[in-house]
Amino acid sequence: GAGVSQSPSNKVTEKGKDVELRCDPISGHTALYWYRQSLGQGLEFLIYFQGNSAPDKSGLPSDRFSAERTGGSVSTLTIQRTQQEDSAVYLCASSPVELVGNTIYFGEGSWLTVV
Amino acid sequence: AQSVTQLDSHVSVSEGTPVLLRCNYSSSYSPSLFWYVQHPNKGLQLLLKYTSAATLVKGINGFEAEFKKSETSFHLTKPSAHMSDAAEYFCVVRGTNDYKLSFGAGTTVTVRA
């Protein structure tokens, strides 16, 4: 498809388990974002990748969270030892470059429930 | 640094009447401004964006927004609401040379038949 693709769309996991969330950005987009949307918390920046530059990880909430981007394309967000407060929608977005005015395109999100 | 304030957490309108969603921003530089819509259990869809060209921006589904620098506002309007407009709307700002997006808290729109 032409849009940002995320998988899984829904994930229910037990507390303490690890989860991996995948994002396929739009082809050719060098910028990739992860955001988290929690009930009552709005949208929270997690991490930003731009080309081959070092990612901005300043939004990751704890060291249980990590992300990588292989070959400048697909990204994986990993949450280790999940906790109930990790339950949220994880949104991935991509953009052609970081220049002014470029549209940022969002995927439909990965809905994570930790039980 | 930039920030966004959506002045209404919830707006309720009757079908066929105008919709106004208010957004004020704060930005150190000339910002790019966006409105996104999120329908229940869906991702974010871009409605429109302002990028220092025309101050009146037209978007999809009959929405438009006007950038007013003197008022630091970017309010979203639609002349006639449709039932399908029921959703959550986010005002978003990104500063010049800044890749981070700042989201407003969102406005939930309810459309009454």
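Our structure's up above, just so we're on the same page.
These numbers come from a predicted model, not from an experiment.

**Q** Looking at this model, I keep getting lost on the nonpolar core. Mind explaining?
**A** Among soluble globular proteins, nonpolar side chains are generally buried collectively. All names here are of chain B. Residues Leu21, Trp35, Leu47, Leu48, Phe74, Leu76 and Tyr89 are the most contacted members of the largest nonpolar core, which totals 26 residues. The leading source of residues in this core is strand 10 (residues 87-94), at four residues. Leave out the neighbours within four places in its chain, and Leu48 touches Leu33, Phe34, Trp35, Val57, Lys58, Gly59, Phe63, Glu64, Ala65, Phe74 and Leu76.

**Q** Can you walk me through unusual backbone geometry in this structure?
**A** In terms of backbone geometry, most residues other than glycine have negative phi values and most peptide bonds are trans. Put simply, Ser7(A) and Pro8(A) share a cis peptide bond, and its omega is -10°. Its identity is not glycine, yet Asn41(B) carries a phi of approximately 60°, on the positive side. On the basis of relative accessibility, which here comes to 60%, the residue Asn41(B) falls in the exposed class. Notably, Thr72(B) is not glycine yet its phi reads approximately 45°, a positive angle. Residue position: Thr72(B) is located in the loop between strand 8 (64-68) and strand 9 (73-78). Taking the relative accessible area as the measure of exposure, Thr72(B) reaches 32% and is therefore partly exposed.

**Q** How should the state of the cysteines be read in this particular structure?
**A** Disulfide: a covalent bond connecting the sulfur atoms of a pair of cysteines. Counted according to the given criterion, the structure contains two disulfides over all chains. A sulfur-sulfur separation of 1.9 Å characterises the disulfide bridge that pairs Cys23(A) with Cys92(A). Note on the Cys23(A) and Cys92(A) pair: the S-S dihedral is about -70°, so by sign convention the disulfide is left-handed. Here Cys92(A) lies in strand 8 (residues 88-95) and Cys23(A) lies in strand 3 (residues 19-24), a separation of 69 residues in the sequence. The class for Cys23(A) is buried, based on a relative accessible area of 0%. In this model, Cys23(B) is linked to Cys91(B) through a disulfide, with the two sulfur atoms separated by 2.0 Å. Residues Cys23(B) and Cys91(B) are joined by a disulfide whose S-S torsion is about -70°; by sign, that bridge is left-handed. With Cys23(B) in strand 4 (residues 23-26) and Cys91(B) in strand 10, this pair connects stretches of sequence that are 68 residues apart. Both residues of the pair, Cys23(B) and Cys91(B), belong to the buried class.

Rules used throughout
- Residues numbered from 1 in each chain as written.
- Chains lettered and ligands numbered in written order.
- Predicted model: local features only at pLDDT ≥ 70, side-chain atom pairs only at ≥ 80, totals over all residues.
- Heavy atoms only, no water.
- Core = buried A, V, L, I, M, F, W, Y, C linked by side-chain atoms within 4.5 Å.
- Buried < 20%, exposed > 50% of the residue type's maximum accessible area, 1.4 Å probe, protein only.
- Helix = DSSP H or I, 4+ residues; strand = E, 2+ residues; numbered from the N terminus.
- Contact = heavy atoms within 4.5 Å.
- Disulfide = S-S within 2.5 Å.

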